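Here is what each chain is made of, one letter per residue.
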Amino acid sequence: MAALIGRGGNVNARDAIQDSAFLYAGAEGFNEVLRLTLAAGADVSSTNRYGGTALIPASEHGHVETVQILIAAGVPVNHVNNLGWTAMQEAILLNNGGPHQLEVVRLLLDAGADPDIRDPEGRTAHQNAERLGFAEIAALIRSRG
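Residues numbered from 1 in each chain as written. Predicted model: local features only at pLDDT ≥ 70, side-chain atom pairs only at ≥ 80, totals over all residues. Heavy atoms only, no water.

## So, the overall build of the protein
In terms of helices and strands, the protein carries nine helices and zero strands. Shown N-terminal to C-terminal, the secondary structure of the protein runs as helices and strands in the order α-α-α-α-α-α-α-α-α. Along the first, second and third principal axes, the C-alpha atoms of the protein reach 50 × 25 × 25 Å. Relative to its 145 residues, the protein shows a buried fraction of 46%. At a minimum sequence separation of 6, the contacts of the protein that also span at least 24 residues come to 66%. Surface summary for the protein: the accessible area is close to 7,000 Å², and the carbon and sulfur share equals 51%. Of the charged side chains in the protein, 10 are positive and 16 negative, and the gap between their average positions amounts to 1 Å. (Helix = DSSP H or I, 4+ residues; strand = E, 2+ residues; numbered from the N terminus. Buried < 20%, exposed > 50% of the residue type's maximum accessible area, 1.4 Å probe, protein only. Contact = heavy atoms within 4.5 Å. Areas by Shrake-Rupley, 256 points an atom, 1.4 Å probe, with all protein chains shown as cover. Lys, Arg positive; Asp, Glu negative; His and termini not counted. Charge placed at Lys NZ, Arg CZ, Asp CG, Glu CD.)

## Section: helix 7 (residues 99–110)
The end-to-end C-alpha separation of helix 7 is 16 Å, in line with the 16 Å expected for 12 residues at 1.5 Å each. For helix 7, the full list of buried residues reads Gln101, Leu102, Val104, Val105, Leu107, Leu108 and Leu109. Looking at the packing, one finds that the buried side of helix 7 touches helix 4 (55–60), helix 5 (64–73), helix 6 (87–93) and helix 9 (135–144). (Expected span 1.5 Å × (residues − 1).)

## Considering the UniProt feature "repeat: ANK" (unreviewed entry) in the protein
With numbering matched to this structure, UniProt assigns "repeat: ANK" (unreviewed entry) to residues 50–82 and 83–120. The distance from the first to the last C-alpha atom of residues 50–82 is 5 Å, and the span holds 48% helix and 0% strand. The straight-line gap between the two end C-alpha atoms of residues 83–120 is 8 Å; of that span, 50% is helix and 0% is strand. (UniProt positions renumbered as here; feature names shortened; annotations may be inferred.)

## Structural notes on the nonpolar core
Formed by 35 residues in total, the largest nonpolar core has its most connected members in Phe22, Met88, Ile92 and Val105. When contributions to this core are tallied by element, the ones reaching two or more residues are helix 2 (21–28), helix 4, helix 5, helix 6, helix 7, helix 8 (125–131) and helix 9. Ranked by the residues each element gives to this core, the list is headed by helix 7, at six residues. The contact partners of valine 105, leaving out residues within four places of it in the chain, are Met88, Ala91, Ile92, Ile137, Leu140 and Ile141. (Core = buried A, V, L, I, M, F, W, Y, C linked by side-chain atoms within 4.5 Å.)

## Regarding the pattern of salt bridges
Taken as a whole, this structure holds five salt bridges when the rule is applied. A salt bridge links arginine 49 to aspartate 19, with the shortest nitrogen-to-oxygen separation between them at 3.6 Å. With arginine 49 in the loop between helix 3 (31–39) and helix 4 and aspartate 19 in the loop between helix 1 (2–6) and helix 2, this pair connects stretches of sequence that are 30 residues apart. When its relative accessible area of 40% is taken as the criterion, arginine 49 is described as partly exposed. Among the ionic pairs, glutamate 130 bridges to arginine 142, the shortest N-O distance being 3.2 Å. You can see glutamate 130 sitting in helix 8 and its partner arginine 142 sitting in helix 9, a full 12 residues away along the chain. Assessed through its relative accessible area of 48%, arginine 142 is described here as partly exposed. (Salt bridge = Lys/Arg side-chain N within 4 Å of Asp/Glu carboxyl O.)

## Some points on the side chain of serine 59
Structurally, the position occupied by serine 59 is in helix 4. In contact with serine 59, not counting residues within four places along its chain, are Val67, Ala87, Ala91, Gln101, Val104 and Leu108.

## Quick look at the packing of helix 2 against helix 3
Closest axis-to-axis distance for the helix 2/helix 3 pair is 8 Å, and the angle between their directions is 145°. Like other packed secondary-structure pairs, helix 2 and helix 3 cross with a definite hand, here left-handed. Between helix 2 and helix 3, the residues in contact are Ala21, Phe22, Ala25 and Gly26 and Val33, Leu34, Thr37 and Leu38, respectively. Considering only residue class, the contact of helix 2 with helix 3 consists of six nonpolar, two polar and no charged. (Axes fitted to C-alpha atoms, helices over the stretch in contact; angles between N-to-C directions. Left-handed = near helix turned anticlockwise from the far one by under 90°. Nonpolar A, V, L, I, M, F, W, Y, C, P; charged D, E, K, R; others polar.)

Set out below in structure tokens:
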């Protein structure tokens with residue numbers, strides 16, 4: 001990746017499914033590649049085919065360090081994708097509520113994420129955490145509200 005960037009490779013170029021190197025690295029937790037793309041001018045507000053920023057799938061997958069990198073880079077924490085979900089909602093709805101998801105939710109809250117943004121069913125992140133039995137995440141969100 002460093003060699004390609006060094007030869008003028010465009011970190012914002014898209015493939016057939018609308019992923020850039022930056023978006024893919026963020027989604028998959030490839031932090032070395034992510035740092036290289038950021039240093040080369042990756043567009044932190046770019047979105048994937050679902051209308052989501054790199055932070056949304058990184059949060060879903062519980063990539064704690066990746067989430068830290070993306071937040072520090074200025075990726076919007078309250079962006080809503082085409083499915084109607086934020087990074088916090090995906091961290092809750094599309095995983096198991098374990099320690100990585102708890103830490104991701106903590107990082108998002110610390111960065112100013114709004115837990116009251118509702119999903120398409122009208123539920124907040126707190127309501128979804130409670131509904132799914134993720135007591136620690138629900139308690140964390142409640143403690144910040």
